[in-house]
Amino acid sequence: MEMLTNILAATVVAGTPLLLVALGELICERSGILNLGQEGMMLMGAVAGFIAALSSGSLLVGLIAAIATGVAMSLFFGFMAITLAANQYAAGLALTIFGTGLSAFVGSGFVGNSIEGFTRVAIPVLSDIPVIGRVLFDQDPLVYVSFIACAGVAFFISRTRGGLILRAVGEDPDAANANGLKVQAVRYMAVAFGGGMAGLAGAYLSLAYTPMWTENMTAGRGWIALALVVFATWRPGRLLLGAYLFGAASILHLVLQGLGWNSPTELLAMLPYVVTILMLVLLSWDPARTRLNTPLSLGQPYRPSH
Amino acid sequence: MSATQRLKLENIVKEYPGCRANDGIDLIVEAGEIHALLGENGAGKSTLMKVIYGLVQPDEGQMFWNGKPVQVANPAEARGMGIGMVFQHFSLFETLTVAENIALGLPAYEARDRAKLEERIREVSAHYGMALDPRRYVSTLSVGERQRVEIVRCLIQESTLLILDEPTSVLTPQEVTTLFATLRKLSAEGCSILFISHKLEEVRALCDNATVLRHGRVSGDCRPAEISATDIARLMVGEDTPISTRVTSAQPGELLLEAKNLSWRCDDPFGTSLNKVSFNLRRGEIVGIAGVAGNGQDELLKALSGEVRVDAGSLEFDGRRIETLTPDQRRGSGVAIVPEERLGRGAVPGMTLADNALLTASGQGLVQKGMIRFGRVREFCRNVIDRFDVRCNGETSTAGSLSGGNLQKYIIGREALQNPKLLVASHPTWGVDVGSAVAIHEALIRLRDEGAAILLISEDLDELYQLCNRMGALCGGRLSPLAEASDLSIEQLGQWMAGEFGSEEASHVAA
């Protein structure tokens, strides 16, 4: 029982950075913009957050720096993809390559340093519930932020006027423009939100998950987030499920190794990616529901006609 | 006087690279007036309405709204002034509900209370005889219902000028009657309507005044009820263009194509499945398939061309079963297809006319042992261009550089010169100028008289009545019985288009 509780708690922690970055990308894609730069923005967020926290001694300053870095990078992407209507795939890939290189360069002097990262804060009363209390309500503050973000995104998309506008812009920017909606502004905001969340996810890695900086520490989470968003059919609830599934599978290989399971580590390290994708493929079966949630204009450059 | 002038345009000029779309247009729409804007495709109608609605800015000219000079910077401003617009391609979001779609066009404070908005939608739609359920997803609505959503949206925004772009082209005759009743009621209540169309009889029945455009200029103003349709047509196309096709009677021969219970399930949740479609075609006749867009026309064409393989049913062509053959094999046995989209499916826009000829006519000795015989290709292509009067810069022009009418003449010609036994043509004159439409109709009749069978899928009922020997209608993927065109009343056809035929009748083909 004790062990199961610990595994579940570790699952939530492992799934959190993925959940954060994927929520940002979900909003971004719902506006019709596909940003393949998640991995780059996460890495930049991780390194900026770590450096800022290390030099200021404040984790909060680190978080703000990480988010600001993510937003700045996404606005750069937005300028190319929205204002210049450049190819979103190419612009996003460029952002990832740029972010990977720059973060390694900026962070090279900080490898090996470590800081006191975010620690667990138990929520009174709730954390006393057996199992669930430890798993959900005795975690670091950023985990709680991810809960709020997930609920907030779900509420925003389905219940608010802003969410309605976002969905409309993502489905058909021409019709949205004809309806008097400000397509480009909506898309900039969505892209910036995606950037901020990617920065935050990066900071989670370098300030909470493993409080230090190592080169390429995201290990492909930005890419798996992109796949997650698609297979979760752009719905926040499924995104949460997918992120924790990934978390569980990545914990599982540690657990199996601990139990003395003798199989190649490479094979086990592959597990989270395979399991997550397979499960979500099975979940995204209903074509009608999928179609209702798919942003139809995704990835297509849009220029308002004049 | 100026108090009753809702909209006045003075000398509107809009120039695009290589084309003066609007060349000094004047237009006055009075309060409560139904005003027709007539003209062929490319005459400048759509540019003009985009100017009015603030989607494009005019290079010169002045617009007056209720007597005051105004400049409309964007659609939101136009709507704020009271201009409502219903586009031909609706600006609705399929994945949202009716109420959500309407909420998007309203200021936030009015859209906040969803229950109140839904009540208002029900009220307005009931008042004007356009029943609507605000909670339904737009993707589940028929084309006619979607148009109602657009109109109701304008009404809820309290528009005092409603611009309708070719509103009847997507409706059944009965729906047209309902729409006209709504528009008359609106006009009686003081709302002005700018009715854009090229259907002259409708304009004569509905509109108080008409402004006719040709080549970006006003070629005439008239009271449509007082002059003949032919006179209006002359204003639209000018003096030199033939405006009607001479149709000789057909001599149908033996049975060529027998389709029995064709069924095909569409995987796309928003698409249409074919349900037991049965019909037959004889040599030397034209059979018409009417129907509102999206009722299975495209699916039927694909089932005949071989682009989709039907799940059930048989297709017997010229004494041989073809339902399992590939498109290429069907083409080889004498089936020619003219799909709805000229650019993209009928022809590749970026390729030259010669290369486009090769795409479907390679079986005409244009290829030998896998090698292209360029001389023959050029010859074939020039032959099409000459015989079908395609206006272009020779066989090296790209397909995308031709006007809609000329490209369509080229595509029809390319298929006709391969002497098909069966030609399936979908919306062959959609968006085509009158002169080209006449040429295309004549080409179809010539082909028929040479013994080919023609299946004509069209939304243009005038065209169908003019050309077809027998006709039926598709609705929801089911085909009505076919009847002799001369015996089929437009009311009956309209009922068929709305799906009012027993399934018993549908599977039994009228002789």
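Residues numbered from 1 in each chain as written. Chains lettered and ligands numbered in written order. Predicted model: local features only at pLDDT ≥ 70, side-chain atom pairs only at ≥ 80, totals over all residues.

Asker: Outline the overall build of chain B, supporting the account with residue identities and numerical values.
Answerer: Helix and strand counts for chain B stand at 18 helices and 23 strands. Relative to the globule expectation of 24 Å for 511 residues, the C-alpha radius of gyration of chain B, 24 Å, shows essentially globular dimensions. Projected onto its principal axes, the C-alpha positions of chain B cover 70 × 50 × 40 Å. Buried residues in chain B amount to 46% of all 511 residues. Sequence separation of at least 24 residues holds for 70% of the intrachain contacts in chain B that already meet a minimum separation of 6. (Helix = DSSP H or I, 4+ residues; strand = E, 2+ residues; numbered from the N terminus. Rg over C-alpha atoms; globule rule 2.2 N^0.38 Å. Buried ≥ 20, exposed ≤ 12 C-beta atoms within 10 Å, placed from the backbone. Contact = placed C-beta atoms within 7 Å.)

Asker: Just give me the short version of helix α10 (residues 297-305) of chain B, but keep the residues and values in it.
Answerer: One full turn of an α-helix is made of 3.6 residues, so residues set three or four places apart face in the same direction. Residues and elements named next belong to chain B. Most of α10 is tucked away: 8 of the 9 residues are buried. For α10, the set of buried residues is Gln297, Asp298, Glu299, Leu300, Leu301, Ala303, Leu304 and Ser305. Gly306, located one to two residues past α10, shows a positive phi value of around 95 degrees.

Asker: Which residues make up the interface of chain A and chain B, and what values do they have?
Answerer: On the side of chain B, 23 residues touch chain A, which itself brings 18 residues to the contact. Elements represented by at least two residues in the side of chain A that touches chain B include exactly α7 (161-171), α8 (173-178) and α13 (287-293) of chain A. Residue composition of the side of chain A that touches chain B, grouped by class: 9 nonpolar, 4 polar and 5 charged. (Nonpolar A, V, L, I, M, F, W, Y, C, P; charged D, E, K, R; others polar.)

Asker: Residues and numbers for the pairing of strand β16 (residues 335-338) of chain B, please.
Answerer: All names here are of chain B. Neither face of β16 is open: one carries Val335 and Ile337, the other Ala336 and Val338, and all of them are buried. Examined bridge by bridge, β16 and strand β19 (residues 422-426) share 4 bridges and lie parallel to one another. Directly across from Ala336, in β19, lies its bridge partner Leu423. (Pairing = 2+ DSSP bridges.)

Asker: Describe the sheet that holds strand β15 (residues 320-321) of chain B, with residues and values.
Answerer: Residues and elements named next belong to chain B. Ordered by their spatial adjacency, 4 strands build an open sheet running β12-β11-β14-β15, and the pairing between neighbours is antiparallel. Each of the sheet's edge strands pairs with one partner strand only, and the pair in question is β12 (274-282) and β15. Contacts from α10 reach β11 (255-264) and β12, with the element oriented near 60 degrees to β12. (Axes fitted to C-alpha atoms, helices over the stretch in contact; angles between N-to-C directions.)

Asker: Lay out the domain arrangement of chain B in plain terms, naming residues and giving numbers.
Answerer: When the parts come together, some accessible area is lost, and that loss is often what is quoted as the size of the interface. On domain assignment, one finds that chain B holds domain 1 (2-237) and domain 2 (255-347 + 420-507). Along the lines of polarity and charge, the residues of the side of domain 1 of chain B that touches domain 2 of chain B split into 5 nonpolar, 6 polar and 2 charged. (Domains from an automatic or database assignment.)

Asker: Any details on the confidence of the model for chain B? Residues and values, ideally.
Answerer: Residues and elements named next belong to chain B. Here chain B shows a mean pLDDT of 88. Residues at 70 or above account for 97%. In this model, residues 504-511 is a region of pLDDT below 50 whose contacts with residues beyond four sequence positions or in other chains number 18 contacts. Reported for the predicted complex are a pTM of 0.77 and an ipTM of 0.79. (pLDDT = per-residue confidence, 0-100.)

Asker: Describe the sheet that holds strand β10 (residues 217-222) of chain B, naming the residues involved and giving the relevant values.
Answerer: Residues and elements named next belong to chain B. Strand order across the open sheet formed by 6 strands is β6-β7-β8-β3-β9-β10, with mixed pairing between neighbours. Two strands bound the open sheet, and with one partner strand each, they are β6 (83-86) and β10. Here the strands of the sheet are splayed against their neighbours by 20 degrees on average, with no regard to which way each runs. Relative to β10, strand β9 (residues 209-214) is paired through 5 bridges, and the arrangement is antiparallel. Paired with Leu213 across the strands is Val218, a residue of β10. In this fold helix α6 (residues 143-156) packs onto β6 and β7 (161-165), with an angle of close to 175 degrees to the strand it touches most, β6. Its contacts with the sheet place helix α9 (residues 229-237) against β3 (34-38), β9 and β10, and it is angled at close to 35 degrees to β9.

Asker: Account for helix α10 (residues 221-231) of chain A, with residues named and values stated.
Answerer: All names here are of chain A. Counting buried positions over the 11 residues of α10 gives 8, a clear majority of the element. When α10 is considered as a whole, its buried residues turn out to be Arg221, Gly222, Ile224, Ala225, Leu226, Leu228, Val229 and Phe231. Residues of α10 that are buried make contact with α1 (2-30), α2 (38-56), α9 (183-209), α11 (236-258) and α12 (265-283).

Asker: Describe in detail the packing of helix α6 (residues 141-159) of chain A against α7(A), supporting the description with residues and values.
Answerer: Residues and elements named next belong to chain A. Between α6 and α7, the least distance of the axes is 5 Å, while the angle of their chain directions is 75 degrees. The orientation of α6 relative to α7 falls into the category roughly perpendicular. Within the contact between the two elements, α6 uses Phe156, Ile157, Ser158 and Arg159 and α7 uses Gly162, Gly163, Leu166 and Arg167. (Parallel < 35°, antiparallel > 145°, perpendicular 65-115°, else oblique.)

Asker: Talk me through the nonpolar core; I want residue IDs and the actual numbers.
Answerer: For soluble globular proteins, the rule of thumb is that nonpolar side chains tend to be buried together. Counting 237 residues, the largest nonpolar core has Ala22(A), Leu228(A), Ile163(B) and Leu422(B) as the members making the most contacts within it. Among the domains, domain 1 (2-237) and domain 2 (255-347 + 420-507) of chain B are the pair contributing at least three residues each to this core. With sequence-adjacent residues up to four places away left out, Leu228(A) is seen in contact with Leu18(A), Ala22(A), Leu239(A), Gly242(A), Ala243(A), Thr276(A) and Leu280(A). (Core = buried A, V, L, I, M, F, W, Y, C linked by C-beta atoms within 7 Å.)

Asker: Give me the lowdown on the environment of Arg391(B), citing residues and values where you can.
Answerer: Here Arg391(B) is to be found in the loop between α13 (374-387) and α14 (404-416). With 14 C-beta atoms packed within 10 Å, Arg391(B) lands in the partly exposed category.

Asker: Which residues make up the packing of helix α12 (residues 353-361) of chain B against α13(B), and what values do they have?
Answerer: Residue and element names in this part refer to chain B. Where α12 contacts α13, the two axes come as close as 9 Å, and the packing angle between them is 100 degrees. Considering the angle they form, α12 stands roughly perpendicular to α13. Between α12 and α13, the contacting residues are Leu353, Ala354, Ala357, Leu358 and Ala361 on the first element and Val377, Arg378, Phe380, Cys381 and Val384 on the second. Considered class by class, the residues forming the contact of α12 with α13 number 9 nonpolar, no polar and 1 charged.

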